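Observations on the three-dimensional arrangement
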Amino acid sequence: MELSASVPRPRLRLAPTHADILFLAILAFCFLGGESGMSRLLMDGDTGVHIRIGDWVRAHGQVPTTDLFGWSKPHGEWFAYEWLAGVLMSAANEAAGLKGVVLIFATLLALVPAFVALQGVWRGASGVVLVPLVLLGASVLNIHFLARPHVFTLLFLAVAVWMIERDRREPSHRIWLLIPLMALWSNLHGGFFVVFPLLALLALGELLERRPKNLFRYSLVGIACATATLLNPYGWKLHAHVIQYLRSDWVIRFVDEFQSPKFRTETMLSFLILLFCGLAAAGTLLARKKYTEVLWIAFLSYCALTSVRHTTVWAVVLIPIVAEELTRWWPSTHRMIAFELRSMTAWPAVAIAAIATLPIVTWPTQFPKDLFPVAMVERHREFLKTSRVFTTDQWADYLIWRSYPEQQVFMDARHNYFGEKIGNEFIAVAQGTPAWKTVQKKYGFQAYLWPRNSPLAAILSESPDWRPLDQDPEVVLFVPAGTPSSPGPESRSESASLRLDGSPLRSGSGLQTTPAAAH
């Protein structure tokens, strides 16, 4: 029987869409090229700690409630609030090593701007306006191109906002899928909290726009989502812990990504352009009485200007809104170039499979040697495992990764666990203040694994109580002066003098440890 001419014939799409190309372009440009390649995802030692937390959970069949790694605060109450992300990272590492970890996170990170672009087209934005904004957004996301659990927040936030926006235009039962999403999210990363102020501002916007029915609807959605996030191993204590961490004055003052952006880098200049576009769009949105969008722009702009880490949230939530509004200014852009960003096909999955199986990518098997003391730790691993070592929070993360489960550290990058008291003691030693000897006496450090051109290294090199056991161009291992040299190949002490120019440590999620960084 012949099909009627009025019945559309199914077509198999063989050509990739522009959304596919955008996804693959971001994946290739950010993670497959350049000197770092996929290794850039391992520039933060937190990756190793999360893998080891996941190892512990999988081995014991439960979530830890006391600390596993810090000898300065042993067995203190601790919330592994990103435990499920750690389990996934542990499983990937067991299956394929660090290759499996970075491949998963590179894919998730490339999906974020692709989803942002798809939502922008769904809102009616022109591709000519949208694509440049998405590329600027990808530049902003660059600060979080790391294999850490926050990536789940970026992706889930893009999905959650799209679900909310679709429901605002066409209310349906699909909005309730946000509830299981929030339950899952609360076990992956503490960033699930951002949805609550967005829903609260949405409810306020509906009230201002005189839609009381929607006010009740989204208030109910918010309550249901908040209840769902209690489905975690710690219940309401998780929420209290996240709030306490976000309000910590000490963390805000000393952790880089919690401080205001400095508009001197390409990444932050990209955000500045987006911010100006957002503020400009807010004016016409207000004139059209789109109060929710204006409230979101005002709230997220404030957050981004007070904390670098929130610039990525700004980009994920607001780029589709801003692109739609700018398209209204220049409606003729719809006819300039035909972009097909409405859907994605199977081509990205095919490309990822090819990347994973074909010898076209150099996969990392170790953390970057220019950022972590890889060689030094290998030479003195047994000594470091059994010593009270003082080292940077990022290098402490690496020690945990490399020598799990034996390694204990003074302080790692879980600043929320160690708290202000230990954190201030860490800063006092790291900056080489006069109080460092008091902290040394209190804790009895048996070794200092520290960057060579730093104030602390200068102090230790001049102290008669300490001597360099081993040195590399960027790192030195100090031990008490009376400590005998280790026999065999582990001992490689150099006679070269330390560089004492006081260069700062690498910025990122780690603590600021140079005197100039203290506010």
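Sequence positions are assigned chain by chain, starting from 1 and proceeding in written order. The predicted origin of the model limits local features to residues at a pLDDT of at least 70 and limits the giving and counting of side-chain atom pairs to 80 or more, whereas totals for whole chains, interfaces and linings rest on all residues. Here the side-chain values reflect all heavy atoms present in the structure, with hydrogen atoms and water set aside.

Digging into helix α13 (residues 291-306)
Here is the rule: Segments assigned H or I by DSSP are reported as helices when at least four residues long, segments assigned E as strands when at least two residues long, and all are numbered from the N terminus. One less than the number of residues in a helix, times 1.5 Å, gives the span that helix is expected to have. Relative accessible area decides the class of each residue, using a 1.4 Å probe on protein chains only: under 20% of the type maximum gives buried, over 50% gives exposed, and in between gives partly exposed. A contact between two residues is defined here by any heavy atoms of the two lying within 4.5 Å.
Between the first and last C-alpha of α13 there are 23 Å, a value that for 16 residues agrees with the 22 Å anticipated at 1.5 Å per step. Looking at α13, one finds that the buried residues are Thr292, Glu293, Val294, Trp296, Ile297, Leu300, Ser301, Cys303 and Ala304. Here the buried face of α13 lies against α4 (98-123), α6 (150-169), α8 (195-208), α12 (266-287) and α14 (310-329).

Points about the sheet that holds strand β1 (residues 389-391)
How we decide: When DSSP finds two or more bridges between a pair of strands, those strands are recorded as paired. Helix axes use the C-alpha atoms of the stretch in contact, all axes being lines fitted to C-alpha atoms, and the angles between their N-to-C directions lie in the range 0 to 180 degrees.
Spatially, four strands are ordered β1-β2-β4-β3 in an open sheet, and the strand pairing comes out mixed. Both edges of this open sheet fall to β1 and β3 (466-471), since each of them pairs with a single strand only. Looking at each pair of strands side by side, their axes are set apart by 25° on average, direction ignored.

A few points about helix α15 (residues 347-357)
To keep things clear, this is the line we draw: Note: the arc covers the axis-to-C-beta directions of the helix.
If you check which residues of α15 are buried, you get Pro348, Ile352, Ile355 and Ala356. One side of α15 carries all its buried residues, which in axial view fall inside an arc of 95°. Those residues of α15 that are buried are in contact with α1 (18-32) and α4.

Let's talk about the pairing of strand β2 (residues 447-451)
Burial analysis of β2 places five of its five residues in the buried class, which makes it a mostly covered element. Here β1 runs beside β2; their pairing, made up of three bridges, is parallel. Looking at the pairing, Thr391 lines up with Leu449 of β2. Across four bridges, the pairing between β2 and strand β4 (residues 475-480) is antiparallel. From the neighbouring strand, Tyr448 faces β4, where its bridge partner is Phe478.

Topic: the packing of aromatic side chains
Stated precisely, the cut-off is as follows: Pairing of aromatic rings covers Phe, Tyr and the six-membered ring of Trp, with a centre-to-centre limit of 6.5 Å; geometry is then stacked below 30 degrees between planes, edge-to-face above 60, and tilted otherwise.
Enumeration over the complete set of coordinates arrives at 33 aromatic pairs. Both rings, one in Phe390 and one in Tyr448, keep their centres 5.6 Å apart while their planes meet at 50°; by these two values the pair is tilted. Within this pair, whereas Phe390 is found in strand β1, its partner Tyr448 is found in strand β2, the two being separated by 58 residues in sequence. Residue classification places Phe390 among the buried residues on the basis of a relative accessible area of 0%. By the ring-pair criterion, three or more aromatic residues cluster together here, those being Trp71, Phe390, Phe410, Phe426, Trp436, Tyr443, Phe445, Tyr448, Trp450 and Trp466.

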